[in-house]
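Residue-level listing of the chains:
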Amino acid sequence: MEQGISAINDEVRQHSAFIDDVIREVSRVIVGQRLMVERMLMGMLTGGHILLEGVPGLAKTLTVNSLAQTIDADFHRIQFTPDLLPADILGTMIYNAKTAEFSVKKGPIFAHLILADEINRAPAKVQSALLEAMQERQVTIGPDTYQLPDPFICMATQNPIEQEGTYQLPEAQVDRFMFKVKVGYPTRDEELEIMNRQTEGQKQVPTAVVDPTRITAARDVVRKVYIDEKLKQYIVNLVFATRDPQSFGLGRLSDLIGFGASPRASIALNMAARAHAFMQHRGYVIPEDIKAVGMDVLRHRVLLTYEAEAEELTSEQLVQQIFDAVDIP
């Protein structure tokens with residue numbers, strides 16, 4: 001086993017060398033927001049979609065665009081609005097009067113990296129159209145089905161402070177996001193640097209340091225990252241603690257958690273922990289990898305009861321209690 005882990009370590013170090021280059025290039029444009037950049041990279045390395053939540057002006061769109069440039073990927077930004085139609089995203093059949101035939105005009109969903117900007121502004125019909133693309137990596141236009149590019153990642157943003165003219169995302173769709181990342185304000189020093197760059201300096205453009213083919217190859221290596229059986233049990237215990245808190249000495253949470261995390265949470269914790277280890281140039285998972293990604297994987301999968309909302313509790317607070325209570329192997 002030690003020889004096997006050593007070989008995986010060598011393979012991980014070889015294939016993860018580009019990670020530092022990507023982060024460096026993105027930081028030429030983006031000040032701070034290291035967590036958001038790392039989660040986006042983890043999404044690329046695992047095929048997981050990401051929901052970014054934060055107030056306007058925190059460089060969410062710019063970060064996604066910059067990341068796409070560093071990996072030389074096809075990037076399309078879709079601005080979601082209440083009058084958007086599924087065909088505006090997926091594409092449609094166009095009738096050619098000269099040939100009397102229909103041809104397919106593919107929509108902006110056909111790209112390696114999709115930014116669904118302000119996703120909660122679109123109605124349910126549009127969100128359901130996006131759902132097939134996110135889950136199946138394919139799109140149906142007319143009678144035919146078309147595969148999306150590989151890799152394909154959807155990164156969506158939503159504004160948490162604005163309610164007028166928005167539609168709450170269905171729980172089934174929220175569950176399909178691997179991460180829900182809360183994007184916070186910059187520090188004072190970071191804000192000063194942002195102001196100076198925007199008002200005095202020249203616009204920085206990131207350089208492509210990797211291509212989608214290499215990302216796809218890195219995904220195969222991420223799946224080889226070793227995770228011990230005890231850590232797999234730890235992941236399952238964390239997820240089961242959201243469904244049956246009483247079994248883990250968290251009886252009070254039974255009245256606060258309406259629905260626990262789905263099996264997608266177990267899969268996401270496993271893959272995200274492997275990706276976290278990969279980004280640390282390590283070929284094996286440790287408990288800290290799981291804890292590092294746990295909040296972003298679970299916060300949108302633990303649904304609160306009315307009692308919890310009345311007490312003004314958040315899912316983050318309950319998830320943290322679960323992490324504190326479940327024994328680490």
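Structure's up top.
Everything numeric here is computed off the predicted structure, so don't read it as measured data.

Trainee: Give me the lowdown on the packing of aromatic side chains, citing residues and values where you can.
Mentor: Ring pairs (aromatic) are described by centroid distance and by the angle formed between their planes. Throughout the structure, instances matching the rule amount to zero aromatic pairs. For Lys106, the ring lying beneath its charged end belongs to Phe110, and the centroid distance is 4.9 Å. Over the aromatic face of Tyr284 sits the side chain of Arg282, whose NZ or CZ is 5.6 Å from the ring centroid.

Trainee: How would you summarise unusual backbone geometry if you had to cite specific residues and measurements?
Mentor: Across the junction of Asp150 and Pro151, the peptide omega takes the value 0°, indicating a cis bond. Tracing the chain through its elements places Pro151 in the loop between strand E7 (144–147) and strand E8 (153–158). Positive phi, normally seen in glycine, also occurs at Arg137, with a value near 55°. Considering the arrangement of structural elements, one finds Arg137 in the loop between helix H6 (124–136) and strand E6 (138–141). We note that His281 has phi near 60°; this positive angle belongs to a residue other than glycine.

Trainee: Tell me about the sheet that holds strand E9 (residues 177–182), residues and numbers included.
Mentor: Sheet architecture is open: five strands sit in the order E2-E5-E8-E1-E9, paired in parallel fashion. Every interior strand has two partners, whereas the edge strands, strand E2 (75–79) and E9, have only one. Taken over all neighbouring pairs, the strand axes of this sheet differ in orientation by 15° on average, direction set aside. Helix-sheet contacts for helix H4 (residues 60–70) involve strand E1 (49–53), E2, strand E5 (113–117) and E8, and the interaxial angle to E5 is about 170°.

Trainee: Let's hear about helix H14 (residues 315–325): which residues, and what values?
Mentor: Ser315, Glu316, Leu318, Val319, Ile322 and Phe323 are the residues of H14 that are buried. Down the axis of H14, the sector holding all buried residues measures 165°, keeping them to one side. Summarising the contacts, the buried residues of H14 are in contact with E9, helix H10 (229–243), strand E10 (257–259), helix H12 (287–298) and strand E11 (303–304).

Rules used throughout
- Residues numbered from 1 in each chain as written.
- Predicted model: local features only at pLDDT ≥ 70, side-chain atom pairs only at ≥ 80, totals over all residues.
- Heavy atoms only, no water.
- Phe/Tyr/Trp six-rings, centres within 6.5 Å; stacked < 30°, edge-to-face > 60°.
- Lys NZ or Arg CZ within 6 Å of the ring centre and 35° of its normal.
- Helix = DSSP H or I, 4+ residues; strand = E, 2+ residues; numbered from the N terminus.
- Pairing = 2+ DSSP bridges.
- Axes fitted to C-alpha atoms, helices over the stretch in contact; angles between N-to-C directions.
- Contact = heavy atoms within 4.5 Å.
- Buried < 20%, exposed > 50% of the residue type's maximum accessible area, 1.4 Å probe, protein only.
- Arc of directions from axis to C-beta.

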